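Inside the fold
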Amino acid sequence: ALSMFGTAVGLYGIPWCKKSLLLAVLMSVIGASMGILDTGGNVLALNTWGAEAGPHMQALHFSFAVGAFVAPILAKMALGGSESKDLPVAEKTNQTVPRSVPTASAVSALKHRLGADFLWSYVVIGTYLLFVSFFFFILYSKGSSARDKSKASLQKCMFAKYHYALIILLFLFFFCYVGAEVTYGSYIFTYAKAFAEMKENEAAALNSVFWGAFAACRGVAIFCAACLYPGTMILLSIVGSSVSSSCLAFFARHPASLWVGTTVYGASMATIFPSGISWIEQYTVVQGKSASLFVIGAALGEMCIPGRFRHVPVVMYTALVTSATTVILFPLMYRLANSPSESGLKETSESEDRKALLSNSGLNEDEE
């Protein structure tokens, strides 16, 4: 509730910013609020549905994918071709071909129209978030703290033997996965134009295919999570991303390979993050601190993994290297998660000692 309220405040203030420093502050507020929302949403889903959180976790992240896919389309519709309404006039230059430049009045009118469109966009989205935040405050006020305390007491003994090692490995796993996802989605347009020599509309369509396959596969995963284990979904995603990234790294200059590889790569990357959180929750307790580390790892991956270096198509090699890294990390995490815990060994030893004492004393369990 607080994170959505902070995001709404930031959205209300952005259209009125006239100073870059104030704009940076408001954008930082929105960034921090969204980070809290990402962490709190995952933990809230796990606390609410527990072992049955798989489909709900997929639905939560499906909403992220739908928003990322629909938002640019809605923004383009909101602009509504305002740029084309203000026709530039031709200005004679020292070249043989006249250069078209907008007049001062045209620039002023364009800024006014764009400002009005963006103002209403920010106000509408901010109002929507404020409305949802209000309902979250109502849910919080009606929540039962006693039920939460009892649930927390029951989960105290559910930590895995290698709890911290699993958290760190999943942190690195999400660092590679989200970094590769965002890097590919951000630079595939540039790659298609610079290296595959596509036209601008074709490159934009390729970018839409990636995010469209990403969102569609997350939607399908809502139903798949009801009948498949999270580990199975992660394994399928890793295999798909490894095969597609290999094709993209070595055959991306062929248009057919680029289109097919981009589609399969987007679909393969879709379910890993929500499935990873659902998977580790089967073996150990995922609290707020652990979930925040996962989100931090994802955010660092977005910031640190490069997509382009001069004239080298780093984006394709990045996809291949990160896929290979996840192939190594997941079996290691699975091995640690399924290792026998110390408490289980201790309980087995105590049970054997108890049986030995009963047999030596000649007493049965009822008499004892």
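Definitions and cut-offs
- Residues numbered from 1 in each chain as written.
- Predicted model: local features only at pLDDT ≥ 70, side-chain atom pairs only at ≥ 80, totals over all residues.
- Heavy atoms only, no water.
- UniProt positions renumbered as here; feature names shortened; annotations may be inferred.
- Helix = DSSP H or I, 4+ residues; strand = E, 2+ residues; numbered from the N terminus.
- Buried < 20%, exposed > 50% of the residue type's maximum accessible area, 1.4 Å probe, protein only.
- Contact = heavy atoms within 4.5 Å.
- Areas by Shrake-Rupley, 256 points an atom, 1.4 Å probe, with all protein chains shown as cover.
- Patch = residues over 30% accessible without salt bridge, like charges linked within 9 Å, V, L, I, M, F, W, Y side chains within 5 Å.
- Salt bridge = Lys/Arg side-chain N within 4 Å of Asp/Glu carboxyl O.
- Core = buried A, V, L, I, M, F, W, Y, C linked by side-chain atoms within 4.5 Å.
- Expected span 1.5 Å × (residues − 1).
- Phe/Tyr/Trp six-rings, centres within 6.5 Å; stacked < 30°, edge-to-face > 60°.
- Axes fitted to C-alpha atoms, helices over the stretch in contact; angles between N-to-C directions.
- Parallel < 35°, antiparallel > 145°, perpendicular 65-115°, else oblique.
- Left-handed = near helix turned anticlockwise from the far one by under 90°.
- Nonpolar A, V, L, I, M, F, W, Y, C, P; charged D, E, K, R; others polar.
- Polar contact = N/O pair within 3.5 Å; in protein donor to acceptor, adjacent residues only side chain to side chain.
- Disulfide = S-S within 2.5 Å.

Per an unreviewed UniProt entry, the chain goes by the name Sodium-dependent glucose transporter 1 and belongs to Phaethon lepturus. Check the Subcellular location (unreviewed entry) section of the UniProt entry for the chain; it says "Membrane". Its UniProt record gives the chain a comment under Sequence similarities (unreviewed entry), which states: "Belongs to the major facilitator superfamily."

1. Quick look at the overall build of the chain
Broken down by element type, the chain carries 14 helices and two strands. When each of the 368 residues of the chain is scored for burial, the buried share is 33%. The contacts of the chain with a sequence gap of at least 6 include a subset with a gap of at least 24, amounting to 78%. Carbon and sulfur atoms provide 67% of the accessible area of the chain, an area that totals close to 21900 Å².

2. Overview of a nonpolar patch on the surface
A cluster of nonpolar side chains, contributed by Leu2, Phe5, Val9, Leu130 and Phe137, occupies part of the molecular surface with about 450 Å² of accessible area. Those elements that place two or more of their residues in the nonpolar patch are helix H1 (2–13) and helix H5 (104–141). Residue contributions to the nonpolar patch peak at three residues, all from H1. Along the chain, Leu130 falls in helix H5. Among the residues examined, Leu130 registers a relative accessible area of 33% and is labelled partly exposed.

3. Considerations on the nonpolar core
Counting 51 residues, the largest nonpolar core has Phe173, Tyr184, Leu258 and Met316 as the members making the most contacts within it. In terms of residue count, the dominant contributor to this core is helix H7 (residues 163–194) (13 residues). Excluding its chain neighbours within four sequence positions, the residues that come into contact with Phe173 are Ile234, Ile238, Ile272, Thr326, Leu329, Phe330 and Met333. Counting eight residues, the second-largest nonpolar core is a separate cluster that includes Ala8, Cys17, Leu26 and Leu129.

4. A look at helix H11 (residues 272–281)
For H11, the buried fraction is high: ten of the ten residues fall into the buried class. Within H11 the residues assigned to the buried category are Ile272, Phe273, Pro274, Ser275, Gly276, Ile277, Ser278, Trp279, Ile280 and Glu281.

5. Describing helix H8 (residues 200–224)
The first and last C-alpha atoms of H8 sit 36 Å apart over 25 residues, in line with the 36 Å expected at 1.5 Å per residue. Within the span of H8, buried status applies to Ala203, Leu206, Asn207, Phe210, Ala213, Phe214, Ala215, Arg218, Gly219 and Ala221.

6. Things to note about the UniProt feature "transmembrane region" (unreviewed entry) in the chain
The sites that carry the UniProt feature "transmembrane region" (unreviewed entry) are, in the present numbering, residues 20–47, 59–79, 119–141, 162–189, 258–279 and 315–337. Structurally, residues 162–189 comprises 96% helix and 0% strand, and the distance from its first C-alpha atom to its last is 42 Å.

7. Considering the packing of aromatic side chains
Scanning the entire structure with this criterion turns up 13 aromatic pairs. Aromatic side chains Phe131 and Phe135 sit 5.0 Å apart centroid to centroid with 75 degrees between the ring planes, which places their arrangement in the edge-to-face category. Here Phe135 and Phe131 lie together in helix H5, a separation of four residues that amounts to about one turn. Using a relative accessible area of 51% as the deciding quantity, one classes Phe131 as exposed. Note on Phe135: relative accessible area 43%, which makes it partly exposed. Here the aromatic rings of Tyr184 and Phe210 are separated by 5.1 Å at their centres, their planes lie at 45 degrees, and the arrangement is tilted. With Tyr184 in helix H7 and Phe210 in helix H8, this residue pair connects regions lying 26 residues apart in the sequence. For Tyr184, a relative accessible area of 1% corresponds to the buried category. In this structure an aromatic cluster arises from ring pairing among Tyr184, Phe210, Trp211, Phe214 and Tyr265.

8. So, the packing of helix H2 (residues 20–49) against helix H12 (residues 288–304)
In the contact formed by H2 and H12, the axes pass within 9 Å of each other and the chain directions differ by 130 degrees. Judged on the interaxial angle alone, H12 and H2 are oblique. Our pair here, H2 against H12, has a crossing hand that is right-handed. Contacts between H2 and H12 involve Gly35, Asp38, Thr39, Asn42 and Val43 on the former and, on the latter, Gly288, Ala291, Ser292 and Val295. Looking at the contact of H2 with H12 residue by residue, the class counts come to three nonpolar, five polar and one charged.

9. Structural notes on the side chain of Thr326
Here Thr326 is to be found in helix H13 (residues 314–337). Take Thr326: its relative accessible area is 6%, and that puts it in the buried class. Within the structure, the side chain of Thr326 is placed 2.7 Å from the backbone oxygen of Ser323, a separation counted as a polar contact. Apart from residues lying up to four places away in sequence, Thr326 is in contact with Phe173, Cys176, Ile238 and Pro331.

10. Quick look at the state of the cysteines
Counted by the stated rule, this structure contains zero disulfides. Here Cys227 stays free of any disulfide, with the sulfur of Cys224 as its closest cysteine sulfur at 5.7 Å. You can call Cys227 exposed: its relative accessible area is 64%.

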